[in-house]
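# Inside the fold
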Amino acid sequence: SQKIEQNSEALNIQEGKTATLTCNYTNYSPAYLQWYRQDPGRGPVFLLLIRENEKEKRKERLKVTFDTTLKQSLFHITASQPADSATYLCALIKAAGNKLTFGGGTRVLVKP
Amino acid sequence: DTEVTQTPKHLVMGMTNKKSLKCEQHMGHRAMYWYKQKAKKPPELMFVYSYEKLSINESVPSRFSPECPNSSLLNLHLHALQPEDSALYLCASSPKTVSGHGPQYFGPGTRLLVL
């Protein structure tokens, strides 16, 4: 069966350090991978999209990599700030259709 | 206007009630979605509308009935729900690109409690 796995344990990190989150998938051939941020009681907010033929994407302090051989995406938050504390969700989408399937999410807590 | 709005924010209903959730966007997006999210779980897709037509129904029970009256509005009609249907219901929209893979813009959700 298709699986999208993110580290379910919360990631505690000191302010200013780089947070690295992992998204692994099996039995899936996504064409696109997206990352979202979700705060408690709010809807997810889109952060970055990366295509299967792209290795890396950056936006301000965020960086995403996509390795279709390893079936893995890494999401980095550099110079982390307490305001970055949230749950981060990866989501995969196949080439045909617009159905997003989310991973379980990883909660990040940045301590001052 | 770059946001998706949802009403009501909170809803408490009995198992015999009929209620509706409403979602609105004015970004010109032609794809709209309903998701259900339980606590500490990711959003799960329920329905997708593309150009006001239902394109995906993820085997959702018939007690949930979606409706897309026009390109800006999406409703979810609820009838005879069960307590296990209590969850955060999220609406989202996305630009209908050629590939159909644009980012999705989510509303704040409706917190539903079924008694």
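Details of the structure are given in the entry above.
Here's a quick rundown of the structure. (Residues numbered from 1 in each chain as written. Chains lettered and ligands numbered in written order. Predicted model: local features only at pLDDT ≥ 70, side-chain atom pairs only at ≥ 80, totals over all residues. Heavy atoms only, no water.)

This part covers the overall build of chain A. Looking only at helices and strands, one finds zero helices and 11 strands in chain A. The secondary structure elements of chain A, listed N-terminal to C-terminal, are β-β-β-β-β-β-β-β-β-β-β. In terms of overall dimensions, chain A is globule-like: its C-alpha atoms have a radius of gyration of 13 Å, near the 13 Å expected for 112 residues. If you line up chain A on its principal axes, its C-alpha atoms span 45 × 30 × 20 Å. Classification of the 112 residues of chain A by burial places 44% in the buried group. A separation of at least 24 residues holds for 54% of the contacts in chain A among residues at least 6 apart in sequence. (Helix = DSSP H or I, 4+ residues; strand = E, 2+ residues; numbered from the N terminus. Rg over C-alpha atoms; globule rule 2.2 N^0.38 Å. Buried < 20%, exposed > 50% of the residue type's maximum accessible area, 1.4 Å probe, protein only. Contact = heavy atoms within 4.5 Å.)

Turning next to the pairing of strand 4 (residues 31–37) of chain B. Residues and elements named next belong to chain B. Within strand 4, seven of the seven residues are buried, leaving the element largely enclosed by the surrounding structure. The alternating pattern of strand 4 places A31, Y33, Y35 and Q37 and M32, W34 and K36 on opposite faces, both of which are buried. As paired strands, strand 4 and strand 5 (residues 44–50) are joined by six bridges and run antiparallel to one another. Paired with M32 across the strands is Y49, a residue of strand 5. Relative to strand 9 (residues 87–94), strand 4 runs antiparallel, the two sharing seven bridges. What sits directly across from A31, in strand 9, is S94. (Pairing = 2+ DSSP bridges.)

A few words on the state of the cysteines. Overall, the coordinates contain two disulfides over all chains when judged by the stated rule. With its sulfur 2.0 Å from that of its partner, C23(A) forms a disulfide with C90(A). Of note, the bridge from C23(A) to C90(A) carries an S-S torsion of about 60° and is right-handed in sense. In this pair, C23(A) is assigned in strand 3 (residues 19–26) and C90(A) in strand 9 (residues 86–93), connecting sequence segments 67 residues apart. The same class applies to C23(A) and to C90(A), which are both buried. Each sulfur in the disulfide pair C23(B) and C91(B) lies 1.8 Å from the other. Measuring the twist about the S-S bond at about -70°, one finds the C23(B)-C91(B) disulfide to be left-handed. Note that C23(B) is positioned in strand 3 (residues 18–25) and C91(B) in strand 9, a separation of 68 residues in sequence. Left without a disulfide partner, C68(B) is nearest to the cysteine sulfur of C23(B), which lies 9.2 Å away. Given a relative accessible area of 13%, C68(B) falls into the buried group. (Disulfide = S-S within 2.5 Å.)

Next up on the list: the nonpolar core. Ranked by internal contacts, the top residues of the largest apolar core, which has 23 residues, are L21(A), W35(A), F75(A) and Y88(A). Every element with two or more residues in this core is listed here: strand 3, strand 4 (32–38), strand 5 (45–51), strand 7 (62–67), strand 8 (72–77), strand 9 and strand 11 (106–111) of chain A. Beyond its immediate stretch of four places on either side in the chain, L21(A) contacts L11(A), W35(A), S73(A), L74(A), F75(A), Y88(A), T106(A) and V108(A). Membership of the second largest hydrophobic core comes to 22 residues, among which are M13(B), L76(B), L78(B) and C91(B). (Core = buried A, V, L, I, M, F, W, Y, C linked by side-chain atoms within 4.5 Å.)

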